[in-house]
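# Inside the fold
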Amino acid sequence: MDTETAADTDGILAEIEDIATLAVDAIRDAGDPDALEAAKAAVYGRKSRLTEIRRSIGSLPKAAKPAVGAALNKINERIDAAIADRAAVFAAAAEQRLLESEALDLTLPGRRRRMGHRHVITKVFQEIADVFVGMGYRIAEGPEVETAWYSFDALNIPPTHPARLGMDTIYVDHPAGTAAAATEGEVLLRPHTSPVQIRLMETEPPPLYYIVPGRVFRNDTVDATHASQFHQIEGLAIDRDLSFGDLAGTIERFCHEYFGPGFDIRLFPDFFPFTEPSAGLEVRWGESWLEIAGCGMVDPNVLEAVGLDPEQWQGFAWGFGVERIAMLRYGVPDIRWFTDNDVRFLERFT
Ligand code: DAH
């Protein structure tokens, strides 16, 4: 190689080196894929200086060709590597953005599904029913809208009887002259579940052992122990040779199973037109006694009203106040809590 050719070659090599340095800087500085494409085009494009040099290689002196060719290959590698590095950075950033956009935020606590449950009165119904079903009783129901005959007359409560007047019954209007008014007589919201006793004795021959859970209505002033709607469980046993001892034994056995051995109970003389003799049942609640039921031997007049011969059949009956039992069993101080629908109260009975 002569000295002139050698000097030209050094000049080209130096220029190639400068082009490479500038191109790699531009590639590293590219802020996004578009800027990277522009930097790539600037160095490799058809009109770029590098392309010009590559095209001119054929016209170089023969001695200069290998050095320039080798230098061109080397800087291609450097520039390609810089492009690949920068592209990899953009690809990683894009991947990260995608992951973030698709990510599920699992840092919040899960939402608990709140399950419903039986109302405390339903629960007490079922608990009481369990005890009596265990003694061989069956469960029956009757209508909430009743006639005066089932509610009173058939139960030995004639129209002028003080018990009938004192029951605070809510009457339902029958438009005068309708067939219902003629056939049903007075219609009312039943003030007790006792009419179902009559319906049972009318439809099924004895022996009968039934309990009757149900809702009853009274035109009463509401306070901590009185409600205008509440629940009773009527009991009826009709068989041969039943005595007051059978009644007392049944009640006592129920109370023992239901309230446990810690509760005291007592029967005291009472009066109901449909039972003779009649009694009230009290359970001790703290220092005081709370009446939870009326009961007695089915009055012969009631048996006769449904066509049963009192000489052959006897029976006993009772009517529990379900809210009162629930108050005793669960220590509820106010009957209104059962209908207030305050979940803080209701949730105690899941
Ligand atoms: N029906 C009565 C009332 O609501 C309760 C009752 C008392 C029912 C004596 C009976 C009974 O079956 O024998 O006050």
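Overview of the structure. (Residues numbered from 1 in each chain as written. Predicted model: local features only at pLDDT ≥ 70, side-chain atom pairs only at ≥ 80, totals over all residues. Heavy atoms only, no water.)

## Here's the deal with the overall build of the protein
- Each helix and strand counted, the protein has 14 helices and 10 strands in total.
- Computed over C-alpha atoms, the radius of gyration of the protein comes to 49 Å, more than 25% over the 20 Å expected from 2.2 N^0.38 for 350 residues, which places it beyond the range of a compact globule.
- Dimensions of the protein, computed from C-alpha atoms along their principal axes, come out at roughly 150 × 55 × 40 Å.
- Split into buried and exposed, the 350 residues of the protein put 40% on the buried side.
- If you take every contact in the protein between residues at least 6 apart in sequence, the share linking residues at least 24 apart comes to 65%. (Helix = DSSP H or I, 4+ residues; strand = E, 2+ residues; numbered from the N terminus. Rg over C-alpha atoms; globule rule 2.2 N^0.38 Å. Buried < 20%, exposed > 50% of the residue type's maximum accessible area, 1.4 Å probe, protein only. Contact = heavy atoms within 4.5 Å.)

## What to know about the packing of aromatic side chains
- Counted by the stated rule, this structure contains 18 aromatic pairs.
- Centre to centre, the rings of F259 and F263 are 4.9 Å apart; their planes meet at 40°, and the pair counts as tilted.
- Judged by relative accessible area, which is 9%, F259 ranks as buried.
- Using a relative accessible area of 28% as the deciding quantity, one classes F263 as partly exposed.
- Taken together, F132, Y137, Y209, F254, Y258, F259, F263, F316, W318 and F320 form an aromatic cluster joined through their ring pairs.
- We note R266 situated over the ring of W289; from NZ or CZ to the ring centre the distance is 4.2 Å.
- Directly above the aromatic system of Y258 lies the positively charged group of R329, at a separation of 4.4 Å from the ring centroid. (Phe/Tyr/Trp six-rings, centres within 6.5 Å; stacked < 30°, edge-to-face > 60°. Lys NZ or Arg CZ within 6 Å of the ring centre and 35° of its normal.)

## Thoughts on helix 12 (residues 322–330)
- Where helix 12 is concerned, the buried positions are V322, E323, I325, A326, M327 and L328.
- Residue G331 follows helix 12 closely and has a positive phi angle near 65°.

## A word on the environment of P207
- Among the secondary structure elements, P207 is positioned in the loop between helix 9 (195–203) and strand 5 (208–217).
- On the basis of relative accessibility, which here comes to 47%, the residue P207 falls in the partly exposed class.
- Here the alpha-carbon distance between P207 and Q314, two residues 107 residues apart in the chain, equals 9.6 Å.
- Residues in contact with P207, not counting those within four places in the same chain, are I238, D239 and W313.

## Re the sheet that holds strand 1 (residues 138–139)
- Pairing is mixed across the open sheet formed by 7 strands, whose spatial order is 1-5-6-10-9-8-7. Pairing within the sheet leaves two strands with one partner each, and these edge strands are strand 1 and strand 7 (265–272).
- Where strand 6 (residues 229–239) and strand 10 (residues 314–321) come together, 8 bridges link them in antiparallel fashion. Across the sheet, E234 pairs through a bridge with G319, a residue of strand 10.
- Sitting on the sheet, helix 5 (residues 120–134) is in contact with strand 1, strand 5, strand 6 and strand 10, with an inclination near 10° to strand 6. (Pairing = 2+ DSSP bridges. Axes fitted to C-alpha atoms, helices over the stretch in contact; angles between N-to-C directions.)

## Looking at the environment of I53
- Its place among the elements puts I53 in helix 3 (residues 49–56).
- In the structure, I53 is positioned 38 residues away from E15 in sequence and 9.7 Å away in space, judged by C-alpha atoms.
- What I53 contacts, discounting residues up to four positions off in sequence, is I12, E15, I16, I19, V68 and L72.

## Observations concerning the sheet that holds strand 3 (residues 170–172)
- One open sheet holds the 3 strands; their spatial order is 2-4-3, and the pairing between them is antiparallel. Since the sheet does not close on itself, it has two edges, and those belong to strand 2 (145–147) and strand 3, each with one partner. For this sheet, the mean angle separating the axes of adjacent strands, direction not counted, is 45°.
- Bridging between strand 3 and strand 4 (residues 187–189) involves 3 bridges; their strand directions are antiparallel. Across the sheet, residue I170 finds its bridge partner in strand 4, namely L189.

Read these as spatial facts, not as claims about activity.
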